[in-house]
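# A structural walkthrough
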Amino acid sequence: MTEDAPRPETPEDDSSPLESSPLTRDRLAKYRRVMDAGGFPYSFRRTDTASDLIERFPDLEPGASSGETVTVAGRLMNTREMGKLIFAVVSDLSGKIQLFVDKRTLGDEAFDAFRDLDAGDWIGATGEVIVTKRGELSVRISAFELLQKSLRPLPDKWHGLKDVEQRSRRRYLDLLANEDARTVALTRAKIVSELRRQFEDRGYVEVETPVLLAQATGATAKPFETRHSALDMDMYLRIATELYLKRLVVGGIERVFEIGRIFRNEGIDATHNPEFTMLESYEAFADFNDIMTLVEEVVVACAVVATGGSEITYDGRGVNLAGPYKRATMLELTRGAVGEDVDYDTPVHELRALVLRHGIEPEDHWGSGKLIDALFDALVEETLWEPIFVTEHPIETSPLARRHRDKPHVTERFELFIAGAEYANAFSELNDPFDQQARFEDQAAASAAGDEEAHPIDEDYIRALEYGLPPTGGLGIGVDRLVMLLTDKHHIREVILFPTMRRQKRDDS
RNA sequence: GGGCCUGUAGCUCCAAUGGCAGAGCAGCGGACUUUUAAUCCGAAGCGUGUGGGUUCGAGUCCCACCGGGCCCA
């Protein structure tokens, strides 16, 4: 802002919904009084947060005064009035601290002004640190300042805000009313920070690859479509970062990662949001075995910052995240579940019959790999509780993964499953341009045969491979899912601050 | 896309069979100098997501629409 914009008028007529509601009318009147008297402050200096005080004064006896004066600031959450005495709770990001407001210390005029405050107001207050007779660390205030008025009433002080829709749509209310919501948001930040540190410490370089693309490649998903006006061109939001990150390895960035938003134009449910966060990493000269070790270390490190240890509770059950994790091939797990000695050589018609018997409707273009994958999906996934690396996915369903060095039909790939859900997907990267070309062509054929999940061909990516991708181990981690696991949340909207929601009709109340 | 459930005061929730729409908290007025969801006294506040319909009478039954939830595809 370089110009003086005209100051917007506080609404003064009865058409304002704040004016017409008895719940907000008084607050609005107080707001105007402050504005008429010169307005609210532009800044405020505090000396301590709530948790600072708790750390600094651990040993004060009930009834004691510290002799130290501090200044705190936060949102006024609750007041308990006792005649010439008020106990007030102020909440800041670090926690809560009680203000001890007595008329003798504060003076008659300021005391009455304090009584005029409303729950939700932002205030700053200065006073001596004391402990009340009942043992509550408090600030006996000698002065306070209203930093900004809250014009609307707070959610229930005891029950908080429970309505799932409101909690998601108006996350600010969720955060200010529900301590758990703040904890989850902060824990997510810690986890993302730890992920970044883990990869940086291993010499990985963080990059940003394009979100807006002429072609959405690198995964099987329906993309969001948009349009670039100046280029007069249809564009797509990325569905993965994979092919761009591997181009960077071709370019010589041997260890590279990105933590980025991915967009998939698909349904919304407990584990899917149209935009979500994925970490992808690629490491030259590593194979999928190396990446397993990396994943074990990274998962434990995240668990430690989130929960303090590697033994966590999810959905009421214990999970031990300490490695090394069990390993089993997709084929052997599927065999165990169906109780038959299936293989990738098993005739397709037999596998189709087996799949049908388990209530899955196979599509015409499915080969043995996809059929076994479908059986695994339906029968095995949700039974996997303790961490396990499921390995050796079929070539058919892994068009970007390198063929297994010893076994036909399968790739050097693994997925990490914990508590019935997938958290990581990794492989020795396919770096043979001819094989990659053939895989893309298979995908194109599948697409022509009606497979809506087939990968599109990325010609330039083939060209990049022709310049040489070194042997590389790649990894994808679903960050939202990982946060869910480590915060014991069972819906993705609980770990995404502003989950995608249907447009709500305008609500002026 | 299909099925089931759901929307009542600012928030959290009650309201048999259709029969005068309620409570707690918050807010408002009052008492109280050590409270912790403070307590006590008092007076208020919603016509039930929206629009239709059935009925003497609809929060409750029916239809459509707008949101939300769960399950399935």
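This write-up is about the structure you can find in this document. Within every chain, residues take consecutive numbers counted from 1 along the sequence as written. Labels follow written order: the first chain is A, the first ligand is 1, and so on. This being a predicted model, a pLDDT of at least 70 is required before a residue's local features are given, and a value of 80 or more before pairs of side-chain atoms are given or counted; all residues contribute to the totals for chains, interfaces and linings. To obtain the side-chain values, all non-hydrogen atoms of the structure were included, while hydrogens and water were left out.

## Describing the packing of aromatic side chains
The way to describe two aromatic rings as a pair is by their centre distance and the angle between their planes. Between rings of Phe, Tyr and Trp, where Trp is taken as its six-membered ring, a pair exists when centres lie within 6.5 Å; planes separated by under 30 degrees are stacked, by over 60 edge-to-face, and by other angles tilted. Taken as a whole and judged by the stated rule, the model has ten aromatic pairs. An aromatic cluster is defined as three or more aromatic residues linked by ring pairs; in this entry it consists of Phe199, Tyr204 and Phe257. Here, over-ring charges are defined by two tests on the NZ atom of lysine or the CZ atom of arginine: distance to the ring centre within 6 Å, and angle to the ring normal within 35 degrees. Taking the ring centre of Trp385 as reference, the NZ or CZ of Arg317 above it sits at 3.8 Å.

## Points about the protein's contact with RNA strand B
For each residue, the test is whether any non-hydrogen atom lies within 4 Å of the molecule or strand; if one does, the residue is near. Around RNA strand B there are 37 residues in total, and Asn78, Thr132, Arg134, Lys157 and Glu165 lie nearest to it. The sugar-phosphate share of atoms of RNA strand B within 4 Å of the protein amounts to 55%. The separation between a phosphate oxygen of RNA strand B and a polar main-chain atom of Lys84 is 3.1 Å. The term polar contact refers here to a pair of N or O atoms within 3.5 Å; inside protein, the definition further demands a hydrogen-donor-capable atom paired with an acceptor-capable atom, and it admits residues adjacent in sequence only when both atoms are side-chain atoms. Between RNA strand B and the protein, one listed contact pairs a sugar or linking oxygen with a side-chain N or O atom of Glu165 at 2.3 Å.

## Some thoughts on the nonpolar core
Take the buried residues of types Ala, Val, Leu, Ile, Met, Phe, Trp, Tyr and Cys, join any two whose side-chain atoms come within 4.5 Å, and each joined set is a nonpolar core. Only protein chains enter the area calculation, which uses a 1.4 Å probe; residues under 20% of their type maximum are buried, those over 50% are exposed, and those in between are partly exposed. Membership of the largest hydrophobic core comes to 45 residues, with the highest contact counts inside it found for Leu195, Leu321, Leu416, Leu475, Leu485 and Leu486. To qualify as a helix, a DSSP run of H or I must reach at least 4 residues; to qualify as a strand, a run of E must reach at least 2; elements of each kind are numbered from the N terminus. Secondary structure elements with two or more residues in this core: α8 (179-201), β10 (255-263), α10 (288-307), β12 (311-314), β16 (413-418), β17 (421-428), β18 (472-478) and α16 (479-487). Among the elements that make up this core, the one with the highest residue count is α10 (nine residues). Here, residues are in contact when the closest pair of their heavy atoms is within 4.5 Å. Setting aside its immediate chain neighbours within four residues, Leu486 contacts Ile191, Cys302, Ala303, Ala306, Thr307, Ile312 and Leu321. Grouped together as the second largest cluster of nonpolar side chains are 30 residues, Leu28, Val101, Leu117 and Ala125 included.

## Topic: the pairing of β18
Moving residue by residue along a regular strand, the side chains alternate between the two faces of the sheet. Counted residue by residue, β18 has seven buried out of seven residues, so it is predominantly covered. By the alternation rule, side chains of β18 split into Thr472, Gly474, Gly476 and Gly478 and Gly473, Leu475 and Ile477, which are all buried. The pairing of strand β11 (residues 275-284) with β18 spans seven bridges and is classified as antiparallel. Following the sheet pairing, Glu280 is matched in β18 by Gly476. For two strands to be treated as a pair, DSSP must find no fewer than two bridges joining them.

## Observations concerning unusual backbone geometry
Residue Pro324 follows Gly323 across a cis peptide bond; omega there is -5°. Of note, Pro324 is situated in the loop between β13 (317-320) and β14 (326-329). Even without a glycine there, the phi angle at Phe285 is positive, about 75°. Along the chain, Phe285 falls in the loop between β11 and α10. Phi at His409 is positive, roughly 75°, even though this residue is not glycine. Residue class for His409 comes out partly exposed when judged on its relative accessible area of 33%.

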